[in-house]
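Chain residues, written in single-letter form:
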Amino acid sequence: MSAAVLEMSASASAAERLAGFARVATDDVDAAAEQIGRIFCPHDLKPAQARAAGFSARHNCAAFDGFSINYVAYGGSVSIDPGCLERFFLVQVPLTGAARIRAGAGEFDAVPDRTASLLSPTIPTRMMWSDCAQVILLLDRRMVEQRAAALSGRVAGPVEFDPVIDLDAPSGQALRSSLAGLMTLAERLGPAGRLSPVATADWREALLDHLLNGQRHGLSDAIRTFSGQAERLPRALRVARDRLADNAGEPLDLAQLACAAGIGIRALQLGFRRHFGVSISEMLLDMRLAGLHARLAQAPPDASITEIAFDLGFTHLGRMAGAYREKFGETPSATLRRRMS
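Predicted model only: the values in this text are computed from it and were never measured.

### A look at the nonpolar core
Step number 1: Ile-69, Val-91 and Leu-139 are the most contacted members of the largest nonpolar core, which has 39 residues in total.
Step number 2: Of all the secondary-structure elements, those providing two or more residues to this core are strand 4 (67-83), strand 5 (88-103), strand 7 (115-119), strand 8 (125-140), helix 3 (141-152), helix 4 (170-189) and helix 5 (197-214).
Step number 3: A per-element tally of this core places helix 4 first, with six residues.
Step number 4: Those residues in contact with Val-91 that lie beyond four places of it in its chain are Ser-117, Leu-118, Val-135, Ile-136, Leu-137, Ile-165, Leu-175, Leu-179 and Leu-211.
Step number 5: With 27 residues, the next largest nonpolar core counts Val-78, Ile-80, Leu-85 and Ile-136 among its residues.

Below, the structure is given as structure tokens:
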């Protein structure tokens, strides 16, 4: 177990986390539901007992571009019914107490050091927390869905995760370690501190990788197929895919690509269909669209979409804009405006 995880576990029982980022501190049930609902989403909050003896609520939140790290604690036993989260994904790692989670038709217990939860925005959720404190990662829904689209070769759409995270599994340990590191970093920076755009982007990449490549979801198989991980990839196709990625901004030349791979054009075309589930031209378009989305996500305010698009190999801006909208559900200019806001 990493030092950051040990630090998170050891300090959890002694003191709350992210204390400098306090948003909510109350022993009033209605005030807690209203105030925390403004930060997350509206939800029903009810103590298990008719009289809320021993009830308390605490919510501390350090927000970044596209994600936030939170400490949420409830004293006593409370039921929480947010329904569908709609706008975001939540990773909840219990520190103390326990939580009973119902996501869709499934139900399980989230327990410190053993089980965490991953809530998807389109799956109805209900929870019962018992003297429970949790570290909660919030990730913007659009950001996750658009990255899943880029990785899977599909158009952006709902992504639904298996809600159970096994904290003993390597992927669960890695995710937990990253959240502990992010929380410690936020505490070190303090409310007045700011992450650089590069550091923020690095954290976004790491968190998206933990979720989309580390946890099971509805597009897991599509991502494995599109990346060539679903089965042992012949060397010729691996060479062709890598060459395609390295030269995505150049015009497609099937003869040169097949020559580099050491096989015929027809064999190359059939190989892409079988192993990646798409044609060569479809994969190239998807690589360019994913590249454009990534560049716009990091673009400065004075960036030119036209220049970026031409640099990535697009020659027809109208068709590019249509393909981009179909894949990511918004125009390139909308992506740029959202990143700048």
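### Here's the deal with empty space enclosed by the protein
Step number 1: Per the counting criterion, the structure on display carries one cavity of 30 Å³ or more.
Step number 2: In this model, the largest cavity occupies a volume close to 150 Å³.
Step number 3: At the level of elements, strand 4, strand 5 and strand 8 are the ones that each hand at least two residues to the lining of the largest cavity.
Step number 4: With four residues, strand 4 is the largest single contributor of residues to the lining of the largest cavity.
Step number 5: In the lining of the largest cavity, the residues fall into twelve nonpolar, two polar and no charged.

### Some remarks on the packing of helix 8 (residues 254-261) against helix 9 (residues 265-276)
A pair of packed helices is characterised by two quantities: the angle between their axes and the separation of those axes.
Step number 1: As a packed pair, helix 8 and helix 9 sit with axes 9 Å apart at the nearest point and diverge in direction by 85°. If you check the angle between helix 8 and helix 9, you find them roughly perpendicular. Taking contact as the criterion, the partners of Leu-254, Ala-255, Leu-257, Ala-258 and Ala-261 in helix 8 are, on helix 9, Ile-265, Leu-268 and Gln-269.
Step number 2: Looking at side-chain class alone, the contact of helix 8 with helix 9 contains seven nonpolar, one polar and no charged residues.

### Re the pattern of salt bridges
Step number 1: On inspection of all chains with the given rule, the structure shows 17 salt bridges.
Step number 2: Taken together, the salt bridges that share partners define one network made up of Arg-100, Arg-102, Glu-107 and Asp-109.

### Description of the packing of aromatic side chains
Step number 1: Considering all chains together, one arrives at seven aromatic pairs under this definition.
Step number 2: For the pair Phe-55 and Tyr-74, a centre-to-centre distance of 6.2 Å together with 35° between the ring planes defines the contact as tilted. Here Phe-55 is found in the loop between strand 2 (44-47) and strand 3 (56-63), whereas its partner Tyr-74 is found in strand 4, with 19 residues between them in sequence.
Step number 3: Overall, the relative accessible area of 6% leaves Phe-55 in the buried class.
Step number 4: With 5.3 Å between their ring centres and 75° between their planes, Tyr-74 and Trp-129 make a pair best called edge-to-face. Remark: Trp-129 occurs in strand 8 and Tyr-74 occurs in strand 4; sequence separation between them is 55 residues. The same class applies to Tyr-74 and to Trp-129, which are both buried.
Step number 5: Taken together, Phe-55, Tyr-74 and Trp-129 form an aromatic cluster joined through their ring pairs.
Step number 6: Lying over the aromatic face of Phe-328, Lys-327 brings its terminal NZ or CZ to 5.6 Å of the ring centre.

### What to know about the layout of surface pockets
Step number 1: Of the pockets and cavities examined, the largest pocket occupies roughly 410 Å³.
Step number 2: What lines the largest pocket is a set of 21 residues, and nearest its centre among them are Phe-64, Asp-65, Leu-195, Pro-197 and Thr-200.
Step number 3: Of all the elements in the fold, those that place two or more residues in the lining of the largest pocket are strand 3, helix 4, helix 5 and helix 13 (332-340).
Step number 4: At three residues, the largest contribution of residues to the lining of the largest pocket is made by helix 5.
Step number 5: For the lining of the largest pocket, a count of residues per class yields 13 nonpolar, four polar and four charged.

### Focus: the environment of Phe-272
Step number 1: When you line up the elements, Phe-272 lands in helix 9.
Step number 2: Setting aside anything within four residues of it in sequence, one finds Phe-272 in contact with Leu-237, Ala-240, Arg-241, Leu-244, Gly-277, Val-278, Ser-279, Ile-280 and Met-283.

### As for helix 10 (residues 280-297)
Step number 1: Helix length check: helix 10, at 18 residues, gives a terminal C-alpha distance of 26 Å against a target of 26 Å (1.5 Å per residue), a fit within 8%.
Step number 2: Of all the residues in helix 10, the buried ones are Ile-280, Met-283, Leu-284, Asp-286, Arg-288, Leu-289, Ala-290, Leu-292, His-293, Leu-296 and Ala-297.

### Quick word on helix 12 (residues 317-328)
Step number 1: The terminal C-alpha atoms of helix 12, which comprises twelve residues, lie 16 Å apart, in line with the 16 Å expected from a rise of 1.5 Å per residue.
Step number 2: Residues of helix 12 that are buried: Met-320, Ala-323, Tyr-324, Lys-327 and Phe-328. Projected down its long axis, helix 12 shows its buried positions confined to an angular sector of 105°, all on one face. Exposed and facing more than 90 degrees away from the buried side of helix 12 are Arg-319 and Glu-326.
Step number 3: Downstream of helix 12 by a residue or two, Gly-329 has a phi angle that is positive, lying close to 75°.

### Some thoughts on the environment of Ala-290
Step number 1: Within the secondary structure, Ala-290 sits in helix 10.
Step number 2: As for Ala-290 and Tyr-74, which are separated by 216 residues in sequence, their C-alpha atoms are 41 Å apart.
Step number 3: When sequence neighbours within four positions are dropped, the list of residues in contact with Ala-290 reads Ala-150 and Phe-328.

Calculation criteria
- Residues numbered from 1 in each chain as written.
- Predicted model: local features only at pLDDT ≥ 70, side-chain atom pairs only at ≥ 80, totals over all residues.
- Heavy atoms only, no water.
- Core = buried A, V, L, I, M, F, W, Y, C linked by side-chain atoms within 4.5 Å.
- Buried < 20%, exposed > 50% of the residue type's maximum accessible area, 1.4 Å probe, protein only.
- Helix = DSSP H or I, 4+ residues; strand = E, 2+ residues; numbered from the N terminus.
- Contact = heavy atoms within 4.5 Å.
- 1 Å grid on protein atoms, 1.4 Å probe; cavity = no way out; pocket = protein on both sides within 12 Å on 5 of 7 lines; lining within 4 Å.
- Points joined across faces, edges and corners; volume = space filled by probe spheres on them.
- Nonpolar A, V, L, I, M, F, W, Y, C, P; charged D, E, K, R; others polar.
- Axes fitted to C-alpha atoms, helices over the stretch in contact; angles between N-to-C directions.
- Parallel < 35°, antiparallel > 145°, perpendicular 65-115°, else oblique.
- Salt bridge = Lys/Arg side-chain N within 4 Å of Asp/Glu carboxyl O.
- Phe/Tyr/Trp six-rings, centres within 6.5 Å; stacked < 30°, edge-to-face > 60°.
- Lys NZ or Arg CZ within 6 Å of the ring centre and 35° of its normal.
- Expected span 1.5 Å × (residues − 1).
- Arc of directions from axis to C-beta.

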